[in-house]
Amino acid sequence: RRVFGRTNNKPDTSFYTQTGNFKNLSISTPTQADDAITATLNSGEVNEIMHFVPLNDLIVLTSGEEWRVNSGQDTGFSATTLRQKPQSDWGSGHQRPVTYGSTVIHVAAGNAMVRGIGFSLDIDGYSGPDLSITASHLFRTARVRDAGLAAVHAPDPLSVFVKDDGTAAVMTFQREQEVIAWSRWDTPGPGKLESVASVRPSISDIDEQFYFVVKRVDGAGNVVRYIERTVDRRFASVEDCFFVDSGLTYDTPISISAITLANPCVITATAHGLANGDEVDLSGIVWAAQFDANFNEVQPDQLNDRHYLIRNKTANTFEIEDEDGAAVNSSAFKAYFEKGYARKTASVFTGLWHLEGQSLVALADGNVFEDLTVTNGAITLPFPYRASRVHAGLRFISDVELLDLAIPGTSQTIQGQMKHVVGIFVLMERSRGLLLGPDKDHFTELLQRQFERLGEPTRLLTGGALIPLPPDWNPHGRVLFRQKYPLPFTLLSVAPRTEGED
């Protein structure tokens, strides 16, 4: 059946169509089991029906209560078997609810609380716990907008609640792992988030994305609204990391289909469109594997992640020369296996009219550039830098602050005692550029560059690092982590090392 609810004259009434006939609301004489059904919620007050959510039962969310509708076990759904039972009396707002597995997430009446409705064996019914109770401060002075709720299921289960102050409260929800975690999103000023929707760009995409309406001021001082979306975090290398706001990417890979082992080396790339003298970098080429002294399978160090100049090009092939102007000799290389890309480098990048006059940050071939001013819709890397993969946009800051230091698992307390975090061991995944300190005015940067070759960008860190901190005695023992660069930052765990009063 198809169900409608909340007419002007009957706001608490549901109208079910005939079984299998979604446009027919008529009944028969005498009545039949598959006839249309009209059912009013038998409540102590009239509450508007706000949403219908189909689970094992039909969940009806009203402005003052939550109801469970079914027909009993192993019984057909008809006017004579219809059962409507109230489950809780929190009420729901206008925002469309979302479902994670068997849990319904909705904004409660008043738009300042988020609740989850799921079946509980303890009460043989549906309960609706407050999911925002540990982050009630996020809704203390701002409410969720009418078009303020969207959710994605992959790669992480996130619900975004856009508030009327232009920021968003974001909840990570994994019921099976008992994870409910909140954070706050905003956008660099002048900018405000106004509404949000979740979309899977195509059926072949693994991840869903959030699309926002963002209110900004353009370079001419006009108030404008842009449609901006989140970007997939599944990056292959540091060069692919996109961590800027309202930004654009320059990346035009040309697929390589063959490489001859000869002097000079000839690369085949159908309809490559390159010209003699163009500078390119090569990456992602898979060669026949070789083995080191410990019989570990490794890729030979051949051509990948270096810049070359094009020479003797044809429509589908080209040769390359190194920085000394010599033709590259590949006759001693391990055999070409598959894949690979050639990317043309540049120093000027256009198409940034929406950020005219603003100061941008950029990640260019994995290297950070700051204070790039947009002029005539373009930015220019400082001489002599050229890059083939560039992500440029507004800088946004990511902060994580620990709570006051405590000793877990004991009755001993150090709350209120003067203490000093002398260092902290952090465990991170594919991260770079971390700043940390006791407060926002005193930061130490994690220095990661160790074994990279000349010209290679600093690699991402997966693993642990012990970072010393400057002296700062205080009664809290907090540590603030900050990412100010257009780089990834995934913090897995922290272990502070402290000194305290006797």
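Let us look at the structure shown here. Throughout this description, residue numbers start from 1 for each chain and increase along the sequence as written. The predicted nature of this model means local features are confined to residues of pLDDT at least 70 and side-chain atom pairs, given and counted, to a pLDDT of 80 or more, with totals for whole chains, interfaces and linings taken over all residues. In computing side-chain values, all of the structure's heavy atoms are included and hydrogens and water are not.

**Concerning the overall build of the protein chain**
Now for step 1: Only runs of H or I of at least four residues qualify as helices and only runs of E of at least two qualify as strands under DSSP, and these elements are numbered from the N terminus. The secondary structure content of the protein chain amounts to zero helices and 42 strands.
Now for step 2: Atoms counted for the radius of gyration: C-alpha only. Globule rule: 2.2 Å times the number of residues to the power 0.38. Taking 23 Å as the expected radius of gyration for a compact globule of 502 residues, we find that the protein chain reaches 30 Å, considerably beyond that expectation.
Now for step 3: Each principal axis of the C-alpha distribution contributes one length, and for the protein chain these read about 95 × 70 × 60 Å.
Now for step 4: Counted over contacts in the protein chain with a minimum sequence separation of 6, partners at least 24 positions apart contribute 59%.
Now for step 5: As presented, the protein chain carries roughly 26,600 Å² of accessible surface, and 50% of it is formed by carbon and sulfur atoms. Should any heavy atoms of two residues lie within 4.5 Å, those residues are considered in contact. Computed with a 1.4 Å probe, the accessible areas rest on the Shrake-Rupley method; for each residue, only the protein chains presented here act as cover.

**Focus: the packing of aromatic side chains**
We describe a pair of aromatic rings using the distance from one ring centre to the other and the angle between the two ring planes.
Now for step 1: Working definition: a ring pair exists when centres of Phe, Tyr or Trp rings (six-membered ring for Trp) sit within 6.5 Å. Plane angles under 30 degrees give stacked, over 60 give edge-to-face, the rest tilted. Within the structure shown, the criterion is met by 13 aromatic pairs.
Now for step 2: Where Phe-119 meets Tyr-126, the ring centres are 5.3 Å apart and the plane angle is 80°; that geometry is what we call edge-to-face.
Now for step 3: Residue exposure (1.4 Å probe, protein chains only): buried if accessible area is under 20% of the type maximum, exposed if over 50%, otherwise partly exposed. Exposure remark for Phe-119: the relative accessible area of 29% places this residue in the partly exposed category.
Now for step 4: Tyr-126 gets classed as buried once you look at its relative accessible area, which sits at 4%.
Now for step 5: Look at Trp-185 and Phe-210: their rings are 6.3 Å apart centre to centre, the planes differ by 80°, and that puts the pair in the edge-to-face class. Of the two residues, Trp-185 sits in strand β15 (residues 179-185) while Phe-210 sits in strand β17 (residues 209-217), which places them 25 residues apart along the sequence.
Now for step 6: Either the NZ atom of lysine or the CZ atom of arginine qualifies as a charge over a ring when it sits within 6 Å of the ring centre and within 35 degrees of the ring normal. Of note, Arg-115 hangs over the ring of Trp-90, and the distance from its end group to the ring centre comes to 3.6 Å.
Now for step 7: The ring of Phe-139 carries the charged tip of Lys-163 above its face, separated from the ring centre by 5.8 Å.

**Section: the pairing of strand β41 (residues 480-483)**
Successive residues of a regular strand alternate their side chains across the two faces of the sheet.
Now for step 1: Two strands are counted as paired when DSSP detects at least two bridges linking them. Summarising the sheet, strand β36 (residues 398-401) and β41 pair through four bridges and their orientation is antiparallel. Residue pairing for β41: Glu-401 is matched across the bridge by Leu-480.
Now for step 2: With three bridges joining them, strand β38 (residues 435-439) and β41 adopt antiparallel strand pairing. The partner of Leu-435 across the bridge, within β41, is Arg-482.

**Some words on the environment of Trp-287**
Now for step 1: Tracing the sequence through the fold places Trp-287 in strand β24 (residues 286-287).
Now for step 2: Judged by relative accessible area, Trp-287 falls into the buried class, the value being 2%.
Now for step 3: In sequence terms Trp-287 and Phe-333 are 46 residues apart; their C-alpha atoms lie 8.7 Å from each other.

**Topic: the side chain of Glu-228**
Now for step 1: The topology assignment puts Glu-228 in strand β18 (residues 223-229).
Now for step 2: According to the relative accessible area criterion, Glu-228 is buried, its value standing at 13%.
Now for step 3: A polar contact of 3.2 Å, which involves the side chain of Glu-228, links it to the side chain of Ser-246.
Now for step 4: Beyond its immediate chain neighbours, meaning those up to four positions away, Glu-228 contacts Phe-210, Tyr-211, Phe-212, Val-214, Arg-216, Asp-245 and Ser-246. A 3.5 Å cut-off defines polar contacts: any pair of N or O atoms within that distance qualifies, except that in protein one atom must be a possible hydrogen donor and the other a possible acceptor, and neighbouring residues in sequence count only when both atoms are side-chain atoms.

**Description of the sheet that holds strand β19 (residues 245-250)**
Now for step 1: Across the sheet, four strands lie side by side as β19-β35-β32-β33; this open sheet has antiparallel pairing. Both edges of this open sheet fall to β19 and β33 (367-373), since each of them pairs with a single strand only. Neighbour-to-neighbour, the strand axes of the sheet open up by a mean angle of 20°, direction not taken into account.
Now for step 2: Looking at chain direction, β19 and strand β35 (residues 390-394) are connected through four bridges and run antiparallel. Axes here refer to lines fitted to C-alpha atoms; in helices the fit is confined to the stretch in contact. Angles between the N-to-C directions go from 0 to 180 degrees.

**Comments concerning the sheet that holds strand β2 (residues 13-16)**
Now for step 1: In spatial order, the strands read β1-β2-β3; together these three strands make up an open sheet with antiparallel pairing. Unpaired on one side and paired on the other, β1 (3-5) and β3 (37-40) mark the two borders of the sheet. The average undirected angle you get between the axes of adjacent strands in this sheet is 20°.
Now for step 2: Sheet topology places β1 next to β2; three bridges connect them, and they run antiparallel. Its bridge partner lying in β2, Gly-5 is registered against Ser-14.

**Focus on the side chain of Ser-78**
Now for step 1: Looking at the element boundaries, Ser-78 is found in the loop between β6 (66-70) and β7 (83-88).
Now for step 2: Other than its neighbours up to four places away in sequence, Ser-78 contacts Arg-1, Ala-33 and Ile-37.

**Quick notes on the environment of Ala-135**
Now for step 1: The topology assignment puts Ala-135 in the loop between β11 (125-127) and β12 (144-152).
Now for step 2: Judged by relative accessible area, Ala-135 falls into the buried class, the value being 2%.
Now for step 3: It is 59 Å that separates the C-alpha atoms of Ala-135 and Phe-318, two residues lying 183 residues apart in sequence.

**Digging into the nonpolar core**
Now for step 1: Nine residue types can take part in a nonpolar core, namely buried Ala, Val, Leu, Ile, Met, Phe, Trp, Tyr and Cys, and a core is a set of them joined through side-chain atoms within 4.5 Å. With 19 residues, the main nonpolar core has Ile-259, Leu-282, Leu-303 and Ile-320 as its most contacted residues.
Now for step 2: At the level of secondary structure, the elements contributing two or more residues to this core comprise β23 (279-283), β27 (306-311) and β28 (317-321).
Now for step 3: Membership of the second largest hydrophobic core comes to 17 residues, among which are Val-114, Leu-131, Ala-135 and Ala-151.

**Let's talk about the environment of Glu-499**
Now for step 1: Tracing the sequence through the fold places Glu-499 in strand β42 (residues 491-500).
Now for step 2: By relative accessible area, which is 42% here, Glu-499 ends up partly exposed.
Now for step 3: In this structure, the C-alpha to C-alpha distance between Glu-499 and Val-104, residues 395 residues apart in sequence, is 46 Å.
Now for step 4: If sequence neighbours within four positions are ignored, Glu-499 has contacts with Lys-419, His-420, Val-422 and Trp-473.

**A few points about the pattern of salt bridges**
Now for step 1: By convention in these notes, a salt bridge is any Lys or Arg side-chain nitrogen within 4 Å of a carboxyl oxygen on Asp or Glu. Inspection of the entire model under this criterion finds 18 salt bridges.
Now for step 2: The closest approach of N and O atoms between Asp-251 and Arg-343, which form a salt bridge, is 2.6 Å. Here the residue Asp-251 occupies a position in the loop between β19 and β20 (254-255), and Arg-343 occupies one in strand β30 (residues 341-344), the gap between them amounting to 92 residues.
Now for step 3: You can call Asp-251 partly exposed: its relative accessible area is 29%.
Now for step 4: Measuring nitrogen to oxygen at the nearest pair gives 2.6 Å for the salt bridge that ties Arg-478 to Asp-404. On the criterion of sequence distance, the pair formed by Arg-478 in the loop between β40 (461-468) and β41 and Asp-404 in the loop between β36 and β37 (419-431) is long-range, its members being 74 residues apart.
Now for step 5: The exposure class of Asp-404 is partly exposed, given its relative accessible area of 27%.
Now for step 6: Taken together, the salt bridges that share partners define one network made up of Arg-216, Glu-228 and Asp-245.

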